[in-house]
Amino acid sequence: MFKYFGRNDCILIAVLILGAFAAACIYHISGKDGKLARVYVDGTLTGEYLLSEEARIDINGYGGGTNTLVIEDGAAFIEEADCPDKLCVHQGRISREGMELVCMPNRVVVRIAGKDENETDAYTW
Amino acid sequence: MRMKLMPTHGKEGPSRRVAFTALMTALAAAAGYLEMLFPIDIFGIPGVKPGLANIVSVIVLYLFGPAYAFMVMAVRVILIGFMFGNMYSVIYGLTGGVFSVTVMCLLKKTGLFKCTGVSAAGGAAHNIGQLLVARVTLGELNLVYYIPVLVVFGTLFGSIMGVLSGMVYDRISKGDNNDRIFEREA
């Protein structure tokens, strides 16, 4: 089996994986708790909800699909969706600034933002 | 009985190469379909999949070079996309495939890596390419959050597929003593 990978291949694989982990760590450490959940459908902002207030919102996605967004305990998650893969439901709860829930079939993105002003991209590094 | 599938350099005409490429394309399409039957759901992130069809890309790249690798990849994506998917799966697949094959061609050209390293980088590049399409189609998408996970899984699965393609390559090219392509080209 060692015929198929040499020293350089190990280095390449290690660099890729460690680099990704480092990026994830930096991103996680620099994350702050968010204040708002912004809902985008097909790229346009359709609603903003405070994380401090419990809520249950039905999002009408692109092409007639719906996702049920639930906000409680300062976190947001998709409780139910009519898309076939349910990936958005499995993405779990998000509360940190910049984190997202994505439903590809319905083109729905829920992003956590920090402030009430429109400066969401301030954290980008 | 072991069939000698591989053309010996210069001794045989292009018909064998054409037949073999067609065989490889069919195999890639079958691998792609198999993957659609058993989707893997880790962390709820779309795009994490083993990339079985990448085995074929790597083998064709090593056997016949970049042009054939691109062709086989494109035909596979379009076939699978129109048979079992939709326009979007074709766009996603093509972008991922072009990224992947391009990176694999370049890495192979450096001569520093064996098939595993080439395939690992190809897997990572494939996922990054698909993420870029997702950003374009979805508009708002925070890339920083997804890239690490997709790169890790692309690299892991890519490595496994790289070792597998090395094994397959060795078996189908058995008998050609001059074909030590998978060794480092020093």
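Residues numbered from 1 in each chain as written. Chains lettered and ligands numbered in written order. Predicted model: local features only at pLDDT ≥ 70, side-chain atom pairs only at ≥ 80, totals over all residues. Heavy atoms only, no water.

Bringing the overall build of chain A into the picture now. Looking only at helices and strands, chain A has 2 helices and 7 strands in total. Listed by position from the N terminus, the elements making up chain A come as α-β-β-β-β-β-α-β-β. Across the 125 residues in chain A, those meeting the buried criterion constitute 44%. Partitioning the contacts of chain A with sequence separation of at least 6, the portion at a separation of at least 24 is 37%. As presented, chain A carries roughly 6,800 Å² of accessible surface, and 57% of it is formed by carbon and sulfur atoms. (Helix = DSSP H or I, 4+ residues; strand = E, 2+ residues; numbered from the N terminus. Buried < 20%, exposed > 50% of the residue type's maximum accessible area, 1.4 Å probe, protein only. Contact = heavy atoms within 4.5 Å. Areas by Shrake-Rupley, 256 points an atom, 1.4 Å probe, with all protein chains shown as cover.)

Residue and element names in this part refer to chain B. In this structure, Val-48 sits in the loop between α1 (14-37) and α2 (53-64). For Val-48, a relative accessible area of 3% translates into the label buried. Separated by 103 residues in the primary sequence, Val-48 and Val-151 place their C-alpha atoms 9.6 Å from one another.

Residue and element names in this part refer to chain A. The phi torsion at Asp-73 lies on the positive side, around 50°, for a residue other than glycine. Even without being glycine, Arg-107 reaches a positive phi, approximately 55°. Within the secondary structure, Arg-107 sits in the loop between β6 (100-103) and β7 (108-113).

Before going further, it helps to examine the pairing of strand β5 (residues 75-81) of chain A. All names here are of chain A. Counting buried positions over the 7 residues of β5 gives 5, a clear majority of the element. Pairing between strand β4 (residues 66-72) and β5: 6 bridges, direction antiparallel. The residue of β5 that forms the bridge with Asn-67 is Ala-81. Hairpin geometry of β4 and β5 is characterised by an intervening segment of 2 residues between the two adjacent antiparallel strands and by a positive phi of about 50° at Asp-73. (Pairing = 2+ DSSP bridges.)

All names here are of chain A. Spatial strand order, β3-β4-β5: 3 strands in an open sheet with antiparallel pairing. Strand pairing shows two members of the sheet lacking a second neighbour, β3 (55-60) and β5, which therefore form its edges. Neighbour-to-neighbour, the strand axes of the sheet open up by a mean angle of 25°, direction not taken into account. (Axes fitted to C-alpha atoms, helices over the stretch in contact; angles between N-to-C directions.)

Moving on, we get to the packing of α1(B) against helix α3 (residues 66-84) of chain B. All names here are of chain B. Between α1 and α3, the shortest axis-to-axis distance is 9 Å and the interhelical angle comes to 45°. Our classification of the angle between α1 and α3 gives oblique. Between α1 and α3 lies a crossing whose hand is right-handed. Across from Arg-17, Thr-21, Thr-25, Ala-28, Ala-29, Gly-32, Tyr-33 and Met-36 in α1, the residues of α3 making contact are Tyr-68, Val-72, Val-75, Arg-76, Leu-79, Ile-80 and Phe-84. Each residue belonging to the contact of α1 with α3 can be placed in one class, and the counts come to 10 nonpolar, 3 polar and 2 charged. (Parallel < 35°, antiparallel > 145°, perpendicular 65-115°, else oblique. Left-handed = near helix turned anticlockwise from the far one by under 90°. Nonpolar A, V, L, I, M, F, W, Y, C, P; charged D, E, K, R; others polar.)

Turning to the sheet that holds β6(A), a few remarks are in order. Residues and elements named next belong to chain A. Read across the open sheet, the 4 strands follow the order β2-β1-β7-β6; overall the sheet is antiparallel. Pairing within the sheet leaves two strands with one partner each, and these edge strands are β2 (44-50) and β6. On average, each strand axis in the sheet is tilted by 15° relative to the strand beside it, whichever way the strands run. For strand β1 (residues 36-41) and β2, the ladder comprises 6 bridges, and the chain directions are antiparallel. Counterpart to Arg-38 in the pairing with β2 is Glu-48.

Moving on, we get to helix α1 (residues 7-29) of chain A. Relative to the 33 Å expected for 23 residues at 1.5 Å per residue, α1(A) spans 32 Å between its end C-alpha atoms, a close match to the ideal helical length. Restricting attention to buried positions, one finds in α1(A) the residues Asn8(A), Asp9(A), Leu12(A), Ile13(A), Ile17(A), Ala20(A) and Tyr27(A). (Expected span 1.5 Å × (residues − 1).)

Turning our attention to the packing of α3(B) against helix α4 (residues 87-110) of chain B. Residue and element names in this part refer to chain B. In the contact formed by α3 and α4, the axes pass within 9 Å of each other and the chain directions differ by 165°. Considering the angle they form, α3 stands roughly antiparallel to α4. You can see that α3 and α4 cross each other, and the crossing is right-handed. In this structure, α3 uses Pro-66, Ala-69, Phe-70, Met-73, Ala-74, Val-77, Ile-78, Gly-81 and Phe-82 to contact α4, whose residues at the interface are Met-87, Ser-89, Val-90, Gly-93, Leu-94, Gly-97, Val-98, Val-101, Thr-102 and Cys-105.

This brings us to the nonpolar core. Ranked by internal contacts, the top residues of the largest apolar core, which has 31 residues, are Met24(B), Ile59(B), Val60(B) and Leu63(B). Mapped by element, the contributors of at least two residues to this core are α1, α2, α3, α4, α5 (115-138) and α6 (143-172) of chain B. Contacts of Val60(B), omitting those with residues within four sequence positions, involve Met24(B), Gly65(B), Tyr68(B), Ala69(B) and Val72(B). Within the second largest apolar cluster, 20 residues are counted, among which are Ile57(A), Cys88(A), Cys103(A) and Val108(A). (Core = buried A, V, L, I, M, F, W, Y, C linked by side-chain atoms within 4.5 Å.)

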